[in-house]
Amino acid sequence: MIHRLPTGDVKEEWSGISPGELRDLTEGLRRSDFCGYVELRWPDCEGALILSGEGKVFAVFQADAVDLRGPEALRHIVGRAGRVHPRARVVALPHTLGPLLGSLSELQPLHMGLHTRFVDLERLAARLVREGFSGMVVLEGEGWWAFLPFGEDGNGAVYYDGTTVMGRDPRELIESLVGVGAEIEVWVSPQPAPRPVEFEAAAAAREEGGALEADSRAAPRPEEAHEAAPTAPEPPSGEQSPGWHAYKGSDTFVVVPALAAEAGESGPLLELRDRFGELAVDLARRLDGTRTLEEVRVELGRSCAELEPILLYLQQRKWMARYFRRRGPQR
């Protein structure tokens, strides 16, 4: 979720911030009903404390395949900050976005890496309504974001271009975005939803003993990603093939043209080979929308633990997109 946070007005920047400074900063922002987020970056992971403008603070933390929310995310943030002070930015956003970002921080990713080139936005929205979906669809274009809540809060669609915020009827906003290039992510409400965080609880947990240290070591560094199996949380729904963690064996993906078989020795292909070796190139060239991940794994004769770090890197670099096969005539 962190990479999807919209840009805003940068109020403060820190080259390194301690847990105590972070606590004082966040508490001061919270008391002033600040709306925005504190972005935190380490060499191998990142986090954010999201302030909804309503006196609540939400935490998210990401490290490779590890994607945490709520108090658990805050524990990781405090633990990491105690060992390595992260770079920090305070980003202010319009108050209209506060409740939306607070809600988004509580959701879990359901579909990532989609694009309006491959997905009909109107049909996607209609299907989610029919299925009683509860969550949010986020679109990001060139310098703009759209937030489309579904479920109980499904009437509060918002468009934001970095300066202007417009509340829109969801149907009108979707119609205005048809044919416009944008990335799409679908986020689903978990059960139960994470709670807003309190710094005191995180500090107490950190003082109990080395649990946070062990948690930190469990999150692989980027340079070690091709050697360690990711430890992603279980997806909210859907059946997984044995051994898959971040993905399902039935998932199907297609890579960008720069990684296709006919692309030759392109820059992205060279980068992929340098980082993961020839296995990554063989994997990328099989992601053409005709095979499931499990079929690709069997073809390559490799384990899920060997392939998932490569897939996560492809997704992070936006070099692959989920592929959906049509099922009969569309009505």
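All of these numbers come straight from a predicted model, not from anything done at the bench.

A.B. asks: Could you clarify how one ought to interpret the sheet that holds strand E8 (residues 135-140) in this entry?
C.D. replies: One key point about sheets: their strands pair by backbone hydrogen bonds, in either a parallel or an antiparallel sense. Judged by pairing direction, the sheet is antiparallel, and its 6 strands sit side by side in the order E7-E12-E8-E9-E10-E11 without closing on themselves. A strand with exactly one partner marks an edge of an open sheet, and here the two such strands are strand E7 (108-115) and strand E11 (165-168). With direction set aside, neighbouring strand axes in the sheet form an average angle of 15°. Pairing of E8 with strand E9 (residues 145-150), which is carried by 6 bridges, proceeds in the antiparallel orientation. When the sheet's bridge partners are listed, Leu139 is paired in E9 with Ala146.

A.B. asks: Where do I start with the nonpolar core in this structure?
C.D. replies: Buried together is how nonpolar side chains tend to be arranged in soluble globular proteins. If you look at the biggest cluster of nonpolar residues, it comprises 27 residues, and the most contacted ones within it are Leu22, Val38, Leu40, Leu49, Phe61 and Ile77. The set of elements that each furnish at least two residues to this core consists of helix H1 (19-31), strand E2 (35-41), strand E3 (46-52), strand E4 (57-63), strand E5 (66-69), helix H2 (70-83) and strand E6 (87-92). For this core, the element with the highest residue contribution is H2, accounting for 5 residues. Not counting the four nearest positions on each side in its chain, Val38 is found in contact with Leu22, Leu25, Leu29, Gly47, Ala48, Leu49, Leu51, Arg89 and Val90.

A.B. asks: What's the story with a negative patch on the surface in this structure? I'm lost.
C.D. replies: A cluster of like negative charges, contributed by Asp120, Glu122, Asp169, Glu172 and Glu175, occupies part of the molecular surface. On the basis of relative accessibility, which here comes to 39%, the residue Glu122 falls in the partly exposed class.

A.B. asks: So what exactly am I meant to see when it comes to helix H8 (residues 267-276) here?
C.D. replies: For an α-helix, 3.6 residues make a turn, and residues three or four places apart therefore share a direction. If you check which residues of H8 are buried, you get Leu269, Leu272 and Phe276. One side of H8 holds all its buried residues, which, seen down the axis, span an arc of 65°. Residues of H8 that are buried in the fold lie against helix H9 (278-286) and helix H11 (304-316). Just downstream of H8, Gly277 is the residue with a positive phi angle, here 95°.

A.B. asks: Explain empty space enclosed by the protein to me, please; I cannot follow it from the model alone.
C.D. replies: Any empty space left between the atoms is revealed when a probe the size of a water molecule rolls over them. Following the criterion strictly, the structure yields 1 cavity of 30 Å³ or more and no others. Approximately 30 Å³ is the volume found for the largest cavity. The residue inventory of the lining of the largest cavity, partitioned by class, reads 3 nonpolar, no polar and 3 charged.

A.B. asks: Even after reading the chapter, I still don't get helix H4 (residues 121-130), so can you show me in this structure?
C.D. replies: Taken residue by residue, H4 has Leu121, Leu124, Ala125 and Leu128 as its buried positions. All buried residues of H4 lie within an arc of 95° about the axis, which places them on one face of the element.

Cut-offs applied
Residues numbered from 1 in each chain as written. Predicted model: local features only at pLDDT ≥ 70, side-chain atom pairs only at ≥ 80, totals over all residues. Heavy atoms only, no water. Pairing = 2+ DSSP bridges. Helix = DSSP H or I, 4+ residues; strand = E, 2+ residues; numbered from the N terminus. Axes fitted to C-alpha atoms, helices over the stretch in contact; angles between N-to-C directions. Core = buried A, V, L, I, M, F, W, Y, C linked by side-chain atoms within 4.5 Å. Buried < 20%, exposed > 50% of the residue type's maximum accessible area, 1.4 Å probe, protein only. Contact = heavy atoms within 4.5 Å. Patch = residues over 30% accessible without salt bridge, like charges linked within 9 Å, V, L, I, M, F, W, Y side chains within 5 Å. Areas by Shrake-Rupley, 256 points an atom, 1.4 Å probe, with all protein chains shown as cover. Salt bridge = Lys/Arg side-chain N within 4 Å of Asp/Glu carboxyl O. Lys, Arg positive; Asp, Glu negative; His and termini not counted. Charge placed at Lys NZ, Arg CZ, Asp CG, Glu CD. Arc of directions from axis to C-beta. 1 Å grid on protein atoms, 1.4 Å probe; cavity = no way out; pocket = protein on both sides within 12 Å on 5 of 7 lines; lining within 4 Å. Points joined across faces, edges and corners; volume = space filled by probe spheres on them. Nonpolar A, V, L, I, M, F, W, Y, C, P; charged D, E, K, R; others polar.

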